[in-house]
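Breakdown of the fold
Now for the letters of each chain:
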Amino acid sequence: MGAIALVIGCILGMVLSQALEAILFQVFGQDYHFVLSFSLQAFLLTLGCFVLIYILEVIREIRLIHRCTLKELFYRKDEHTTIHASKTKSILCFIAGAFCMGICIFIVYIFYRSLKDNSIRGDINSMMLSILMMILSIYLIYQGISQVVMLFLQRWKQKKYQGNMMFLSAQLCTKIKRNRFVLATISVLTILIISLMIMSMQLKNVYDRKIKEEIPFDIMAYTSETLNKDVLYDYLNKHDISYQDHFYQIYQSDMINENLRNALFDTPFDYPGVKTYIIKESDVQALLKLEGYDALQPLNKQQYGLLVTPELKQHMEAFMKQGKVQVNDQKLSCTYIESSRIGQSVYVDYYLILPDAYVQNCTIKENVLVMNVNGTIPDTLYDETKTILDVKEDGFYLYRVKPYYIKDQLSIYTMVIFALLYVSMIAVCILATIIATQQLSDMNEQKETYHMMWKMGCDKQAIKKLLFQQVSFYFFTPLLLPCLYLPFVIYGMNVFFSLLVYSVPTNSAIILAPVIFLLIYGCYFILTYQSCKRSMEG
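This structure is a prediction, so every number in the text was calculated from the model and none was measured. (Residues numbered from 1 in each chain as written. Predicted model: local features only at pLDDT ≥ 70, side-chain atom pairs only at ≥ 80, totals over all residues. Heavy atoms only, no water.)

The topology assignment puts Arg 400 in strand 10 (residues 397–401). The class of Arg 400 is buried, set by a relative accessible area of 14%. A distance of 2.8 Å separates a polar side-chain atom of Arg 400 from the backbone oxygen of Glu 214. (Helix = DSSP H or I, 4+ residues; strand = E, 2+ residues; numbered from the N terminus. Buried < 20%, exposed > 50% of the residue type's maximum accessible area, 1.4 Å probe, protein only. Polar contact = N/O pair within 3.5 Å; in protein donor to acceptor, adjacent residues only side chain to side chain.)

Before going further, it helps to examine the nonpolar core. With 50 residues, the main nonpolar core has Ile 138, Leu 467 and Phe 517 as its most contacted residues. Broken down by secondary-structure element, the contributors of at least two residues to this core are helix 5 (87–116), helix 6 (124–155), helix 8 (165–214), helix 15 (402–455), helix 16 (460–476), helix 17 (480–500) and helix 18 (507–537). Considering every element that reaches this core, the biggest residue donor is helix 8, with 11 residues. Sequence-distant contacts of Leu 467, that is, excluding residues within four places in its chain, are made with Met 443, Tyr 450, Tyr 529, Cys 532, Lys 533 and Met 536. Counting 34 residues, the second largest nonpolar core, distinct from the first, contains Tyr 207, Leu 299, Leu 398 and Leu 410. (Core = buried A, V, L, I, M, F, W, Y, C linked by side-chain atoms within 4.5 Å. Contact = heavy atoms within 4.5 Å.)

The backbone of Asp 240 shows a phi angle near 55 degrees, a positive value even though the residue is not glycine. When you line up the elements, Asp 240 lands in the loop between helix 9 (229–238) and strand 2 (243–252). A relative accessible area of 73% means that Asp 240 is categorised as exposed.

What follows covers the state of the cysteines. A complete count under the given rule lists 0 disulfides for this structure. Summary of cysteine pairing: Cys 523 is not part of a disulfide, and the nearest cysteine sulfur, belonging to Cys 429, is at 9.5 Å. (Disulfide = S-S within 2.5 Å.)

Turning our attention to the environment of Lys 402. Tracing the backbone shows Lys 402 in helix 15. Owing to a relative accessible area of 22%, Lys 402 belongs among the partly exposed residues under this scheme. Sequence separation between Lys 402 and Ile 211 is 191 residues, and the spatial gap between their C-alpha atoms is 8.5 Å. The contacts of Lys 402, once residues within four sequence positions are left out, are Ile 215, Pro 216, Phe 217 and Asp 218.

What follows deals with helix 9. Within helix 9 the residues assigned to the buried category are Leu 232, Tyr 233, Tyr 235 and Leu 236. Across the axial projection of helix 9, the buried residues extend over an arc of 160 degrees, all falling on one side. Facing away from the buried side of helix 9, by more than 90 degrees, are the exposed residues Asp 230, Asp 234 and Lys 238. Residues of helix 9 that are buried make contact with strand 1 (219–223), strand 2, strand 9 (363–373), helix 14 (381–384) and strand 10. Just downstream of helix 9 lies Asp 240, where phi reads positive at about 55 degrees. (Arc of directions from axis to C-beta.)

With the rule as written, the count across this model stands at 11 aromatic pairs. Where Phe 468 meets Tyr 529, the ring centres are 5.2 Å apart and the plane angle is 90 degrees; that geometry is what we call edge-to-face. Of this pair, Phe 468 sits in helix 16 while Tyr 529 sits in helix 18, and the two are 61 residues apart along the sequence. Note on Tyr 529: relative accessible area 12%, which makes it buried. With a centroid separation of 5.5 Å and an interplanar angle of 70 degrees, the aromatic rings of Phe 475 and Tyr 521 are classed as edge-to-face. Taken as a pair, Phe 475 in helix 16 and Tyr 521 in helix 18 lie far apart in primary sequence, 46 residues in all. (Phe/Tyr/Trp six-rings, centres within 6.5 Å; stacked < 30°, edge-to-face > 60°.)

Along any regular strand, the residues point their side chains to alternate faces of the sheet. Among the 5 residues that make up strand 10, 4 are buried, leaving the element largely enclosed by the rest of the structure. Here strand 1 pairs with strand 10 via 5 bridges, running antiparallel. By the bridge assignment, Met 220 is partnered in strand 10 with Arg 400. (Pairing = 2+ DSSP bridges.)

Another aspect to go through is the confidence of the model for the chain. On average, residues of the chain score 76 in pLDDT, and 73% of them reach the 70 mark or higher. Here helix 4 (residues 76–81) is the element of the chain with the lowest mean pLDDT, 46, and helix 11 (residues 281–291) is the one with the highest, 92. Ignoring residues within four places in sequence, the model shows residues 77–85, a span with pLDDT below 50, making 4 contacts including any to other chains. Across residues 263–273, confidence stays below pLDDT 50; counting only partners more than four residues off in sequence or on other chains, it has 27 contacts. (pLDDT = per-residue confidence, 0-100.)

The next thing to look at is the pattern of salt bridges. Within the structure shown, the criterion is met by 2 salt bridges. Notably, a salt bridge pairs Glu 214 with Arg 400, separated by 3.7 Å at the nearest N-O pair. Pair noted here: Glu 214 is in helix 8 and Arg 400 is in strand 10, with a separation of 186 residues, a long-range link. Take Glu 214 and Arg 400: they sit in the same class, and that class is buried. For Asp 218, the salt bridge is made with Lys 402, and the minimal N-O distance between the two is 3.9 Å. You can see Asp 218 sitting in the loop between helix 8 and strand 1 and its partner Lys 402 sitting in helix 15, a full 184 residues away along the chain. (Salt bridge = Lys/Arg side-chain N within 4 Å of Asp/Glu carboxyl O.)

Dropping the structure here:
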């Protein structure tokens with residue numbers, strides 16, 4: 001049976017890997033061709049794990065047989081179902097688990113308040129503590145929840161004798177006592193699996209946002225040295241490719257007295273010691289026109305603007321009301337904060353936009369060329385025009401061609417997303433298999449009970465309903481605590497994505513990940529119920 005399961009599992013594994021690959025290619029808008037390939041390395045690894053589990057189980061059974069006497073074997077069934085547990089200890093464990101849950105929720109609340117106050121430094125440790133409290137609370141609650149349920153039914157006896165509640169509660173409490181560690185582990189892994197699914201879907205949104213932010217133009221070249229523009233122009237003219245381009249420069253100046261960094265001091269965007277970079281107003285207007293955005297309001301001699309990333313905009317809006325920038329003894333007030341995607345996230349977080357007259361005496365920091373190409377970019381463009389950069393030691397150099405850059409990023413993100421989705425899918429199957437195997441094993445012991453109920457005159461449909469309720473309780477009990485914790489976990493993931501990567505929409509991922517989990521989990525539930533029903537009827 002094990003060999004048959006191994007063969008079937010390998011075939012289904014190959015089909016699943018191709019299905020996931022097809023989904024990923026479709027998500028990223030790439031062409032996919034079905035190829036059912038067999039990986040010898042993956043098969044040998046699976047076979048090795050299978051053999052290792054078999055050997056460990058054989059060793060375990062041999063040790064149990066050697067330790068058991070004939071008398072113990074006769075009475076083993078009764079000893080297995082006898083639970084010696086202290087009621088007080090179980091109740092204290094449940095209370096301690098509820099207390100840890102409260103601590104976890106309180107820490108998340110404090111973290112949320114600190115974010116509203118733009119003070120997140122040092123709170124990473126608090127989040128790690130909340131995760132530890134969450135895991136500890138789950139194990140403690142399962143340690144004592146069976147005793148709490150029994151006390152509840154003893155207190156409200158009318159509930160105990162309603163329908164099949166007495167039989168179901170006894171079965172459920174016994175299973176939780178016998179398998180509390182396994183059920184708690186399943187609850188923790190359920191949270192982890194759904195989190196991994198959401199993270200993989202979030203990474204797709206991050207990928208889309210990254211492409212828009214980091215390469216808004218078809219071709220982008222940054223260098224602190226000489227920019228050999230003729231190399232690129234000659235290539236495009238040679239291949240009869242039309243284009244729209246703009247060359248501009250990024251400046252720095254010690255004569256400009258500004259406190260922009262003070263506005264970022266209590267945010268995750270603070271980089272101490274980095275000076276503010278300056279860009280001319282005319283260059284910003286040209287870049288906006290090149291990307292098809294509306295022109296900005298012209299600046300007069302008493303005004304300046306800011307070009308920032310979308311994540312930074314809300315933090316810099318507070319600075320607009322705090323103070324002014326002093327240029328050549330002239331105080332300028334902020335007129336606008338622009339966050340349109342025209343390449344500001346490639347080099348730094350923000351630029352100071354000044355009227356052209358104020359930039360004449362500033363130091364040139366970078367030379368930049370951006371370009372949009374009409375039509376398809378040839379595959380050889382990047383390799384044949386890399387000499388556009390005059391590379392020297394201790395300089396800054398960046399050359400990006402959109403198709404080449406997208407392909408490079410796509411391979412990285414696809415690999416990570418595929419790994420997360422594959423691990424999540426396999427983990428769901430493993431969890432559901434553990435519960436299904438346990439339920440089918442218990443069914444062999446309970447067949448006599450159901451048979452006795454049938455002999456006593458209980459209707460067959462009522463027995464099937466009772467079996468369905470029993471399987472449902474055992475399958476879905478481990479999902480109750482994850483339902484309580486997942487909103488806080490999802491919120492924490494959104495916070496870290498917005499702070500460490502990009503602020504991306506999460507509504508689709510939050511809905512889709514639990515749906516996928518429940519679809520797979522529900523299939524196992526239905527198959528387990530059907531198997532238990534056939535076993536009972538047999």
